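A closer look at the structure
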Amino acid sequence: MKNIRMKKVCLVLAAALFLPLAASAQQMESHIGNLTGHSEQGQQLYYRYCWGCHGARGDGNGENAPYVTPNPRNFVQGTFKCRSTPTGTLPLDQDLYNSLVRGFNFTNMPSWAALTSQQRADLVAFIKTFSPRFKSEKPGDVIPIPPEPALTVASIQHGSELFQKLECWKCHGQEGRGDGPSASTLTDSNDQPIRPYNFSSSNRSKCGSSNQDLYRIFMTGVDGTPMPSFADVVKPEEAWDLVHYLRTLQTNNKSPELTMWEGTKQGAEIVNAKKVENTYTGSGVKP
Amino acid sequence: MHIKYLVLTGVVMFATASVAFAGPGPSGGTITGKVTYEGTPAKMKPIDMSKEPSCAKMYATPVTSETVVTGPGNTLADVVVYVSAGAPDDAAPSSAAVFTQKGCRYIPHVLAFQVNQELKISNEDQTSHNIHPLPKLNREWNKSQPPGSPAITEKYDKAEFIPVKCNIHPWMHGNFAVLKNSHYAVSSESGAFSLANLPPGKYTITAWQESYGEQTQDVTISGSETKTITFVFKAKPY
């Protein structure tokens, strides 16, 4: 008899604990290719894999959050780093899905490639239930990416000029080592210190590794970080030149861009000098 | 004859004037006053702009940060005084609120404007800035603006006080005050503010200072009277 009463008390307690979670999550769907994700399924996964860092309310205040830098994403604000949409707008479902596949390099967020694609789609649907923005707003218009023109030395050189003109080096450094004059002062939107991407490490950047990803990163900006959008100031045809130059800064990554740049006298000298740590190579000097 | 003519002109003038006063248009009460502080505010630190020579050379002596701007007689400038309750929400005016980056500073330091009002941001410097407002309720965006690029236009659809920064120049710091109605003012260096054209009614007036927080006062306006109120903030020494 006592046992049954205890069971009842436990049940009521459990209901009281978990009902608010269930109530906060109203149903959402995600659409990735021909996959449809459902938030009810995503919820189960979230409370198994994600809430330790992102928190029961999706506000980034999970149990592990105090020990995690950069802080876990707060889904309630609806601000996301990797998007194909303009700065300040909501991402596509596909963008969130891609982030789950990739994980975030240099952070505690791992790749969730081990889940099935259906599970990831379900998680995307559930994550969208945390922010009221997904109910009232549509994702932004995707920033168009024109086909990549043929790689030429002139394109790399023009990209190098843009790197100067747009003052990318203020944070990323003249050699792309992430050590520009403003680098040490940068903070993200949670007021936590954050480092600009170090191109010379040749690591994958947070939002992907392809040429298209690079193009997308500076055109959309990385919301929630100091990296702004250049969509209003870089013309699409110029943007590809900048991509080609950025590739040559990844000196440990044998890209076609680096190979071509090293094939020129000017480029070879600069790349060789760049490989020596902490030296100023003058790569920023206009050719 | 001459006198008659004069009297007639006088009558016509008086009539025109009274129509102008009695007719629809700006009328109602006014709330004016002053914002002051008591205690000792923190000394504003001089800004080291040596990393941005194009801006540093614009100042003979280094400028200071502007989180607390005081005037003679313990007055406080850059305080947003606005009707926080008692007035209906207003439609946004057609004019744009203008925010300028000049000398690696924001002008004005505190810009007040209305929900959905056009916000125009321009860069008059010889260096790139990134404009990075950090809202909690509104959308967060972050845009680069190299020298000579066209003005950025944006708007906010929720009322909020939004800190603004430039990540490239970490000393640059400003504020947007996005407000629901047109009854607001930003205190001048003499601490003075004036909220005009208030229809009779009971209002809650809020004064907001970026470091010292908010204060409110209830004011009742009847007819076209002018009421004077004072806000006194406690200065923080740090």
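Worth saying up front: this structure is predicted, and the values here are computed from it rather than measured. Along each chain, the written sequence defines residue order, and numbers are assigned to residues from 1. Going through the entries in the order they are written, you letter the chains from A and number the ligands from 1. Under the rules for a predicted model, residues below a pLDDT of 70 receive no local features and side-chain atom pairs below 80 are neither given nor counted, while totals for whole chains, interfaces and linings still include all residues.

A closer look at the overall build of chain A
Heads up, the condition is: Every helix listed is a DSSP run of H or I at least four residues long, and every strand listed is a run of E at least two residues long, numbered separately from the N terminus. Exposure classification rests on a simple neighbour count of other C-beta atoms within 10 Å of a residue's own: a residue reaching 20 or more is buried, one at 12 or fewer is exposed, and one in between is partly exposed. C-beta atoms are placed from the backbone.
Secondary structure assignment for chain A yields 11 helices and two strands. Secondary structure elements of chain A occur, N-terminal to C-terminal, as α-β-β-α-α-α-α-α-α-α-α-α-α. Out of the 287 residues in chain A, the part that is buried amounts to 43%.

Observations regarding the sheet that holds strand 16 (residues 201–209) of chain B
Sheet strands associate in pairs through backbone hydrogen bonding, adopting either a parallel or an antiparallel arrangement. Residue and element names in this part refer to chain B. Cut-off, in case you're wondering: Only when DSSP finds a minimum of two bridges between them are two strands counted as paired. Here, axes are lines fitted to C-alpha atoms. For helices the fit covers the stretch in contact, and angles between N-to-C directions go from 0 to 180 degrees.
Read across the open sheet, the four strands follow the order 14-4-16-17; overall the sheet is antiparallel. Looking at strand neighbours, the two that pair on one side only are strand 14 (184–186) and strand 17 (213–221), the edges of this open sheet. Strand-to-strand twist of the sheet, defined as the mean angle between neighbouring strand axes without regard to direction, takes the value 25 degrees. Pairing between strand 4 (residues 80–85) and strand 16: five bridges, direction antiparallel. Looking at the pairing, Val81 lines up with Ala207 of strand 16.

Looking at the domain arrangement of chain A
Residue and element names in this part refer to chain A. Here is the rule: Annotation comment: domain bounds sourced from an automatic or database domain assignment. What counts as a contact here is a pair of residues whose C-beta atoms, placed from the backbone, lie within 7 Å. Note that Gly is not counted as nonpolar here; it falls among the polar residues with everything else outside the nonpolar set of Ala, Val, Leu, Ile, Met, Phe, Trp, Tyr, Cys and Pro and the charged set of Asp, Glu, Lys and Arg.
Domain parsing of chain A yields domain 1 (28–136) and domain 2 (153–274). Taken together, the contact pairs 17 residues of domain 1 with 19 residues of domain 2. Class assignment of the residues belonging to the side of domain 1 that touches domain 2 gives a composition of six nonpolar, eight polar and three charged.

Topic: the interface of chain B and chain A
With 19 residues of chain B at the contact, the number on the chain A side is 22 residues. Among the residues making up the side of chain B that touches chain A, the classes are represented as six nonpolar, nine polar and four charged.

Observations regarding helix 4 (residues 117–127) of chain A
Residues separated by three or four positions in an α-helix point in the same direction, a consequence of the helix having 3.6 residues per turn. Residue and element names in this part refer to chain A. The buried count for helix 4 comes to eight of 11 residues, which makes it a mostly enclosed element. Among the residues making up helix 4, those that are buried are Arg120, Ala121, Asp122, Leu123, Val124, Ala125, Phe126 and Ile127. Looking at the buried positions of helix 4, the neighbouring elements they touch are strand 1 (29–32), strand 2 (35–38), helix 2 (39–54) and helix 3 (93–102).

Comments concerning the pairing of strand 5 (residues 97–102) of chain B
Residue and element names in this part refer to chain B. Here strand 5 shows one buried face, formed by Ala97, Phe99 and Gln101, and one open face, formed by Val98, Thr100 and Lys102. Of the strand pairs in this sheet, strand 5 and strand 8 (residues 119–123) are connected by five bridges, and their pairing is parallel. Opposite Ala97, over in strand 8, you have Leu119 as the bridge partner. As paired strands, strand 5 and strand 6 (residues 105–107) are joined by three bridges and run antiparallel to one another. Bridging from a neighbouring strand, Lys102 pairs with Arg105 of strand 6.

Digging into the nonpolar core
To be explicit about the condition: A set of buried Ala, Val, Leu, Ile, Met, Phe, Trp, Tyr and Cys residues, joined to one another through C-beta atoms within 7 Å, is what we call a nonpolar core.
Counting residues in each nonpolar core, the largest one holds 52 residues, and the members touching the most others are B:Val35, B:Val79, B:Val80, B:Val81, B:Leu111, B:Ala112 and B:Ala177. Each residue touching B:Val35, except ones within four places of it in the same chain, is listed here: B:Thr75, B:Leu76, B:Val79, B:Val81, B:Ser187, B:Gly191, B:Phe193, B:Ala207 and B:Phe231. Counting 45 residues, the second largest nonpolar core, distinct from the first, contains A:Val124, A:Ile127, A:Tyr197 and A:Phe230.

Regarding the confidence of the model for chain B
Residue and element names in this part refer to chain B. To be explicit about the condition: Confidence of the predictor at the level of single residues is captured by pLDDT, which takes values from 0 to 100.
Averaged over all residues, the pLDDT of chain B equals 90, while 89% of them reach at least 70. In the model of chain B, helix 1 (residues 2–22) stands out as the element of lowest mean pLDDT, 47, in contrast to strand 7 (residues 110–114), which has the highest, 98. The low-confidence segment residues 6–25 (pLDDT under 50) makes zero contacts with residues lying over four places distant or belonging to another chain. Note on the complex model: pTM 0.85, ipTM 0.84.

What to know about helix 6 (residues 153–165) of chain A
Residue and element names in this part refer to chain A. Cut-off, in case you're wondering: To estimate how far a helix should reach, multiply one less than its number of residues by 1.5 Å.
A rise of 1.5 Å per residue sets the reference length of helix 6, with its 13 residues, at 18 Å; its end C-alpha atoms lie 18 Å apart and thus fit the reference within 8%. Looking at the packing, one finds that the buried side of helix 6 touches helix 7 (169–172), helix 9 (236–249) and helix 10 (256–262). Phi turns positive one or two residues past the end of helix 6, at Glu167, with a value near 60 degrees.

Thoughts on the sheet that holds strand 9 (residues 129–133) of chain B
All names here are of chain B. Spatial ordering of the open sheet is given by 7-13-12-9-10, a layout of five strands whose pairing is mixed. A single partner strand is all that each edge strand has here, and the edge strands are strand 7 and strand 10 (143–145). Each strand axis lies, on average, 25 degrees off the axis of its neighbour in the sheet, ignoring direction. For strand 9 and strand 10, the ladder comprises three bridges, and the chain directions are antiparallel. Counted as the bridge partner of His129 is Gln145 from strand 10.

Thoughts on unusual backbone geometry
Following A:Thr69, the chain continues to A:Pro70 via a peptide bond in cis, the omega torsion being -10 degrees. Counting through the fold element by element, A:Pro70 comes out in the loop between helix 2 and helix 3. In this structure, the amide linkage connecting B:Ile107 to the following residue, B:Pro108, adopts the cis form with an omega of -5 degrees. Checked against the element boundaries, B:Pro108 lands in the loop between strand 6 and strand 7.

Side note on the packing of helix 6 of chain A against helix 9 of chain A
Residue and element names in this part refer to chain A. Worth spelling out the cut-off: For classification purposes, an angle smaller than 35 degrees is called roughly parallel, one larger than 145 roughly antiparallel, one from 65 to 115 roughly perpendicular, and anything else oblique.
At their nearest, the axes of helix 6 and helix 9 sit 7 Å apart, and the two run at 90 degrees to each other. In terms of orientation, helix 6 and helix 9 fall into the roughly perpendicular class. Here Ser155, Ile156, His158, Gly159, Ser160, Leu162 and Phe163 of helix 6 lie close against helix 9, whose contacting residues are Glu238, Trp240, Asp241, Leu242, His244, Tyr245 and Thr248. The class makeup of the residues in the contact of helix 6 with helix 9 is six nonpolar, six polar and two charged.

Observations concerning the pairing of strand 16 of chain B
Across nine bridges, the pairing between strand 16 of chain B and strand 17 of chain B is antiparallel. Within strand 17 of chain B, the residue paired with B:Thr204 across the bridge is B:Asp218.

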